[in-house]
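Now for the letters of each chain:
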Amino acid sequence: MASAEKEFPPGTDMVKEPQAVGVTASVDFQGVVRTEDQQIKKDLSPAAIIGLGYVICNSWAGVAATLTIGLVQGGTVLLLYGFLFMFLLFSCIALSLAELVSAYPTAGGQYHWACYLAPTSKKREWAFITGFFNVASWIAIIASVCLQFAQYIIAAVIVNNPDFVIKSWHYFLLFQSCNVIITAYCWFGIHKASYLYQVGLFWSISLFFITFFSIVCGPGAMQGTRSSSAFVWTTFTNEVGWASNGIVFLTGLANVNYAWAGLDGTIHLAEDLKRPERDVPKALLATIVIGLITAFPWLIGALYSIQDFASVSATATGLPLIEMMLESLKSPGGVTTIITLMLVNVFISTAGCVQSAGRLTWSFAVDGGLIGANRIGWLDQRFNCAPYALLFNFAWIFLIGCLYLASTAVYNAIVGSCLILGHITYAVPVALLMYNGRKLPRRPYLPLGAFGWVANSVVVFWAIFITVIYSFPAVMPVTGSNMNYCSVVVVVVLLMGMINWFSYGKKHFSLKNIEALMRVD
């Protein structure tokens, strides 16, 4: 990675960050200059980045978590055929991103590419809004995973004490505990990340087999009645009130969309690798393929094994996977053991999300994109992390957790907005690449050739489409409690970005580091 120039514009204010042992960090209010002691240590292995990509998405666990919603909003037709549709869609996304990152592997990812590919007069604006949306999308993703941590613990309590009365503050405390624990780990223990993500890949795939055979081959499953093939492959369910089944299917795609939410996680750790131009594209494509060969068989097995559709859909745990294992294993102790293993899986997944989001926030601050960039953009060489970037994300996630207490509808809208915001950040640099005739000054390690036009077009079309369709209410008639506020959240993020731009970014957001990183050799 190229270093930034030593010279600074006349009149630039320089501030010294409180120094860690052996660390000198200069801060430039037009972006933190990446001096030699502000370079990320390249301590991730190729196997680790593949593990990271998969544990962030955890495709089979993602579809398992949203199974209940899918069963009433499209049924098995949505879950199976919708999943295959998402596989094809995300293959185009992964290929498009892989081509770009193989040419320009940086922690900034999408917003760096947007800067490089945008017209000269609008480089800063395109880069800034793409980066701001990307940071917001990752904060929403982490908030989603933190709630899963709480859901699994409360599910274990309910499995062993069915009369337990769930309160919102139970989820709140566990949510914030996860936020604190993972942030602390990513600050002080992330130097072990290379091993953690390799273990995480093995752990997640092992859990795939454990949960699959628990559901399909447990005593209850062997003695009970299997679902018919007609039910599994042809059942379309509309229990959400929409008159149009087409709208139900399209809005329901958001559920299987979570199978690869956070696909760009590996991109933001590109600067942690020695050969990111090769390793990150491989990780992106491996995440897609491993997701298909785990999640799709898991879905088929789960749908054939459902014995009581009503109990699975209305389970008190809120997790259909847990109810299905209870029906199959007939053993609360066995299910509790599996939940404990799932918690380890959630821990590793959340650590990957927090580390990736931390790198992105750090990069955006280094370029002067956030108020307080002089702090947020500081890299602590002792732990190879940006502690203030982690704390910045932590604070926003803490606030989202507080909103959960006030309104689950608002919380769900914030979490759901990660899909729209994330796809927009995929589409912006891809659209700009097409605007430039798909010409890249630096030859990518993974060129798509003529197929790139097809893949890129799919990425751009899908981002525009879901910005509209994912804003539709999932349930009709609409009330204040079931309203889909995703569009409101996206507008709020846009307004916050504009406020940040006009109050700070317009003056301080710098292309200096981006241009150095993107320089053609």
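Structural data are supplied above this passage.
Treat the numbers as computed from the prediction; the structure is a model and nothing was measured.

### Some remarks on the packing of aromatic side chains
Enumeration over the complete set of coordinates arrives at 31 aromatic pairs. Ring plane angle 85° and centroid distance 5.3 Å describe the contact between Phe 188 and Phe 383, whose orientation is recorded as edge-to-face. In this pair, Phe 188 is assigned in helix α7 (residues 168–188) and Phe 383 in the loop between α16 (373–376) and α17 (387–406), connecting sequence segments 195 residues apart. On the basis of relative accessible area, Phe 188 is assigned to the partly exposed category, the value being 44%.

### Digging into empty space enclosed by the protein
A full pass over the atoms with the stated rule returns three cavities of 30 Å³ or more. Of the voids in this model, the largest cavity is the one considered here, and its volume is about 90 Å³. Forming the walls of the largest cavity are 14 residues, and the residues nearest its centre are Ala 261, Gly 262, Cys 418, Gly 422 and Tyr 426. Looking at the lining of the largest cavity, the elements with two or more residues in it are α6 (123–160) and α18 (408–435).

### Considerations on helix α5 (residues 110–117)
Given 3.6 residues to a turn, an α-helix orients residues that are three or four positions apart in the same direction. Across the eight residues that make up α5, a large majority, seven, are buried. Those residues of α5 lying buried are Gln 110, Tyr 111, His 112, Trp 113, Ala 114, Cys 115 and Leu 117.

### Here's the deal with the nonpolar core
Membership of the largest hydrophobic core comes to 170 residues, with the highest contact counts inside it found for Trp 60, Trp 298 and Tyr 470. By residue number, the principal contributor to this core is α6, which donates 23 residues. Beyond its immediate chain neighbours, meaning those up to four positions away, Trp 298 contacts Trp 60, Ala 64, Leu 67, Phe 208, Thr 211, Phe 212, Ile 215 and Leu 321.

### As for the layout of surface pockets
There is about 570 Å³ of room inside the second largest pocket. Among the elements of the structure, α6, α17, α18 and α20 (486–508) are those that each provide at least two residues to the lining of the second largest pocket. Take the lining of the second largest pocket: its biggest share by element is eight residues, from α20. Of the residues contributing to the lining of the second largest pocket, the split by class is 23 nonpolar, three polar and no charged.

### Notes on unusual backbone geometry
Residue Met 476 is joined to Pro 477 through a cis peptide bond whose omega torsion reads -5°. One can find Pro 477 in the loop between α19 (451–469) and α20. A positive phi angle, near 40°, is found at Asn 58, a position not held by glycine. A relative accessible area of 6% places Asn 58 in the buried class.

### With respect to the state of the cysteines
Enumeration according to the criterion identifies zero disulfides in this entry. Cys 146 carries a free sulfur, and the closest cysteine sulfur to it, the one in Cys 178, is 3.8 Å from it. Free cysteine: Cys 486, not disulfide-bonded; nearest cysteine sulfur from Cys 418 at 8.5 Å. You can call Cys 486 buried: its relative accessible area is 6%.

### Re the environment of Ala 103
As for its placement among the helices and strands, Ala 103 is situated in helix α4 (residues 75–103). On the basis of relative accessibility, which here comes to 1%, the residue Ala 103 falls in the buried class. Taking C-alpha positions, Ala 103 is 6.0 Å from Arg 442, a pair spaced 339 residues apart along the chain. With residues near it in sequence (within four places) discarded, Ala 103 still touches Leu 440, Arg 442 and Pro 444.

Conventions adopted
Residues numbered from 1 in each chain as written. Predicted model: local features only at pLDDT ≥ 70, side-chain atom pairs only at ≥ 80, totals over all residues. Heavy atoms only, no water. Phe/Tyr/Trp six-rings, centres within 6.5 Å; stacked < 30°, edge-to-face > 60°. Helix = DSSP H or I, 4+ residues; strand = E, 2+ residues; numbered from the N terminus. Buried < 20%, exposed > 50% of the residue type's maximum accessible area, 1.4 Å probe, protein only. 1 Å grid on protein atoms, 1.4 Å probe; cavity = no way out; pocket = protein on both sides within 12 Å on 5 of 7 lines; lining within 4 Å. Points joined across faces, edges and corners; volume = space filled by probe spheres on them. Core = buried A, V, L, I, M, F, W, Y, C linked by side-chain atoms within 4.5 Å. Contact = heavy atoms within 4.5 Å. Nonpolar A, V, L, I, M, F, W, Y, C, P; charged D, E, K, R; others polar. Disulfide = S-S within 2.5 Å.

Don't take any of this as a statement about function, it's just geometry.
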